[in-house]
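Summary of the model geometry
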Amino acid sequence: MRILALIAAACAASTLNWSAPACAASTPSSEQRLARITVKAVGQGSPVVLIPGLASPPAVFDNLAAKIGKDHRLIFVQVNGFAGSPASASVDNLLPGAVDELAGWLAANHVEKPAVVGHSMGGLMAMMLAKSHPPAAGKLLIVDALPFYGMLFGPSATPEAIRPVVEQMRAGLVNGTSPVQVPPHMSNTDAGKAIILSWLKASDRKTVGEALVEDSTTDFRPELPALSGAPVTVLYAVPSLEMKPTTDGLYREAYKSLPNARLIPVEGSEHFIMLDQPARFRAAVEDFIAGK
């Protein structure tokens, strides 16, 4: 299970800084820290919201930002406590609270119906945003995220059944007993694994532990029909041709209650598609924004 294996690699916090998006130097920007998230807006043009995954910073989208930043207002979402950013005083109700804060920021800054791109846990947050705050999401690009990660345990898995597993992992993370390593299925390159590991080690353990539990035990499948008013594209990784039938079937099953969702496989990639297949990722995002 990708999200669980990712957290098994994290065990310590350090003081890396949130790196500025690649396009930030030459375009207008603003930043605001809220209770659970920090939002940074860069550039001008049609708005695109970028939500990274578990323990990841907005820098995961730097390659994409350098390509599309000149034509769009990029709105980067940083979960406080991830990848070296200062943690919040409380992490309770982390994901719903973060989604509400993002919706409030968008409304206060007069951003309506933006394109929203969310990777992994950020994909779940994007779906939550579209359901709870329809004006805050015009269309969604969900990147390698299932509406319920428990599906990777089998068709009969439930949030209640997997909760003891993730609670045990949270305890190991907070206590510092989890091994420091990045499983192979995070990225298919050594460089990718190294940057992911640096983000994990720089993250606040309590914040990541809470995010792990909330993300893993949220079953959004019953809520998918509520997204029928917003175009949804799902980009998912296919590490090998041998795995393609199984992966295709998993995603078709996961999103079957959203029949208009467009499912796009990316072969030759592990979980971090933007690191493993940057050109294909950029092209997919550009097509998504353009409505192709």
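Residues numbered from 1 in each chain as written. Predicted model: local features only at pLDDT ≥ 70, side-chain atom pairs only at ≥ 80, totals over all residues. Heavy atoms only, no water.

**A short note on the packing of aromatic side chains**
Selection rule: Note on aromatic contacts: the rings of Phe and Tyr and the six-membered ring of Trp form a pair at centre separations within 6.5 Å, being stacked when their planes are under 30 degrees apart, edge-to-face when over 60 apart, and tilted otherwise. To qualify as a helix, a DSSP run of H or I must reach at least 4 residues; to qualify as a strand, a run of E must reach at least 2; elements of each kind are numbered from the N terminus. The rule is simple: take the accessible area with a 1.4 Å probe, protein chains only, and divide by the maximum for that residue type; under 20% is buried, over 50% is exposed, in between is partly exposed. Only Lys NZ and Arg CZ are tested; either one counts as a charge over a ring when it is within 6 Å of the ring centre and within 35 degrees of the ring normal.
Tallied over the full model, the rule gives four aromatic pairs. When the centroid spacing of 4.4 Å and the interplanar angle of 10 degrees are considered together, the rings of Tyr 236 and Tyr 251 count as stacked. Placement of Tyr 236 in strand S7 (residues 232–238) and of Tyr 251 in helix H8 (residues 244–254) is noted, with a sequence separation of 15 residues between them. Its relative accessible area of 4% is what places Tyr 251 among the buried residues. One aromatic cluster is present, formed by Tyr 236, Tyr 251 and Tyr 255 through successive ring pairs. Lying over the aromatic face of Phe 288, Lys 139 brings its terminal NZ or CZ to 5.3 Å of the ring centre.

**Quick word on the packing of helix H5 (residues 159–175) against helix H7 (residues 205–216)**
Test applied: Angles run from 0 to 180 degrees between N-to-C directions of axes, and those axes are lines fitted to C-alpha atoms, restricted for helices to the stretch in contact. Here roughly perpendicular refers to angles of 65 to 115 degrees, roughly parallel to angles under 35, roughly antiparallel to angles over 145, and oblique to all remaining angles. By the convention used here, residues are in contact when the closest approach between their heavy atoms is within 4.5 Å. Note that Gly is not counted as nonpolar here; it falls among the polar residues with everything else outside the nonpolar set of Ala, Val, Leu, Ile, Met, Phe, Trp, Tyr, Cys and Pro and the charged set of Asp, Glu, Lys and Arg.
At a closest axis distance of 9 Å, the pairing of H5 and H7 adopts a crossing angle of 170 degrees. Judged by the angle between their axes, H5 and H7 are roughly antiparallel. Side by side, H5 and H7 meet where Ile 162, Arg 163, Val 166, Glu 167, Met 169, Arg 170, Leu 173, Val 174 and Asn 175 of the first sit next to Arg 205, Lys 206, Val 208, Gly 209, Glu 210, Leu 212, Val 213 and Ser 216 of the second. For the contact of H5 with H7, a count of residues per class yields eight nonpolar, three polar and six charged.

**A closer look at the confidence of the model for the protein**
Quick reminder of the rule: Summary of the metric used: pLDDT quantifies the predictor's per-residue confidence within the range 0 to 100.
On average, residues of the protein score 90 in pLDDT, and 89% of them are at 70 or above. Here residues 1–26 scores under 50 on pLDDT; set against residues more than four positions off or in separate chains, the count is 94 contacts.

**A few points about the layout of surface pockets**
Taking a probe equal in size to a water molecule and rolling it over the atoms shows the remaining empty space. Rules: Computed over the protein atoms alone on a 1 Å grid, cavities are sets of points where a 1.4 Å probe fits but cannot get out and pockets are open sets with protein on both sides within 12 Å along at least five of seven lines; a residue lines them when it has an atom within 4 Å of a point. Grid points are joined across faces, edges and corners, and a volume is the space filled by probe spheres set on the points.
Empty space within the second largest pocket amounts to approximately 190 Å³. As for the second largest pocket, its lining consists of Lys 139, Pro 231, Val 232, Thr 233, Arg 262, Ile 264, Ala 284, Asp 287, Phe 288, Gly 291 and Lys 292. Of all the elements in the fold, those that place two or more residues in the lining of the second largest pocket are S7, strand S8 (262–267) and helix H10 (278–290). The greatest single-element share of the lining of the second largest pocket, amounting to three residues, is contributed by H10.

**Points about the pairing of S8**
Keep this limit in mind: Pairing between two strands is assigned when DSSP locates at least 2 bridges connecting them. Convention used here: a crossover is right-handed provided that the path from the first strand, over the helix, to the second strand proceeds clockwise when the strands point away from the viewer.
With six bridges connecting them, S7 and S8 associate as parallel partners. Pairing of Ala 237 across the sheet is with Val 266, part of S8. Handedness of the β-α-β unit built from S7, H8 and S8 comes out right-handed.

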